[in-house]
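Notes for the structure review
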Amino acid sequence: MIIGGGLISRPYEKVVLVCIHGRTCPRQGSLETCEALREAVSTAGLTDKIRIVKSGCLAQCGHGPMVAIEPDGSWYGSVTAKDAEELFSGPILCGTILERLRHQPKRHGKNVIAPDQWTIPPSKE
Ligand code: FES
């Protein structure tokens, strides 16, 4: 996205947020998901174009590990390290939709599953 004078509109074409600090995602393996996505980006030689960011809670607790791809605005849940390559080669790289993992909340904002319905024990964070 080159503007006049060689300036670009933003430093990365895509920023991918991976929740690793909330009450549920870390217990569902989000750090491993994050590392696997970073590995995929690095292997593809795209670290100057795609930034994988360790994020705080995205307020979708219980649906994780949560991954948000911006500026696409596509969000994914239950993304494990095993899903990283598929998420990278499709939604992150090509902007396609991976229906199997697509997060489709019923409303905007917080979509936190009640702790008594979590499949993992809540942390103390
Ligand atoms: S812990 Fe990941 S969305 Fe809240």
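Our subject is the structure that appears above.
Before going into details, it helps to say that this report is about the structure given with it. (Residues numbered from 1 in each chain as written. Predicted model: local features only at pLDDT ≥ 70, side-chain atom pairs only at ≥ 80, totals over all residues. Heavy atoms only, no water.)

**Notes on the pairing of strand 2 (residues 50–55)**
- Pairing of strand 1 (residues 14–19) with strand 2, which is carried by six bridges, proceeds in the parallel orientation. Within the sheet, the bridge partner assigned to Cys-19 lies in strand 2 and is Ser-55.
- Crossover strand 1 to strand 2 through helix 1 (residues 30–43) is right-handed. (Pairing = 2+ DSSP bridges. Helix = DSSP H or I, 4+ residues; strand = E, 2+ residues; numbered from the N terminus. Right-handed = clockwise from strand over helix to strand, strands pointing away.)

**Structural notes on the pattern of salt bridges**
- Going through the model one piece at a time under the given rule, you end up with six salt bridges.
- In this structure, the salt-bridge partner of Lys-14 is Asp-72, at a minimum N-O distance of 2.8 Å. In this pair, Lys-14 sits in strand 1 while Asp-72 sits in the loop between strand 3 (67–70) and strand 4 (74–76), placing the two residues 58 residues apart along the sequence.
- For Lys-14, a relative accessible area of 12% corresponds to the buried category.
- Asp-72 sits in the partly exposed class, given a relative accessible area of 37%.
- With its nearest N and O atoms 2.5 Å apart, the salt bridge here joins Glu-86 to Arg-100. Of the two residues, Glu-86 is situated in helix 2 (residues 84–94) and Arg-100 in the segment after helix 2; the sequence distance between them amounts to 14 residues.
- Through salt bridges with shared partners, a single network forms among Asp-83, Glu-86 and Arg-100. (Salt bridge = Lys/Arg side-chain N within 4 Å of Asp/Glu carboxyl O. Buried < 20%, exposed > 50% of the residue type's maximum accessible area, 1.4 Å probe, protein only.)

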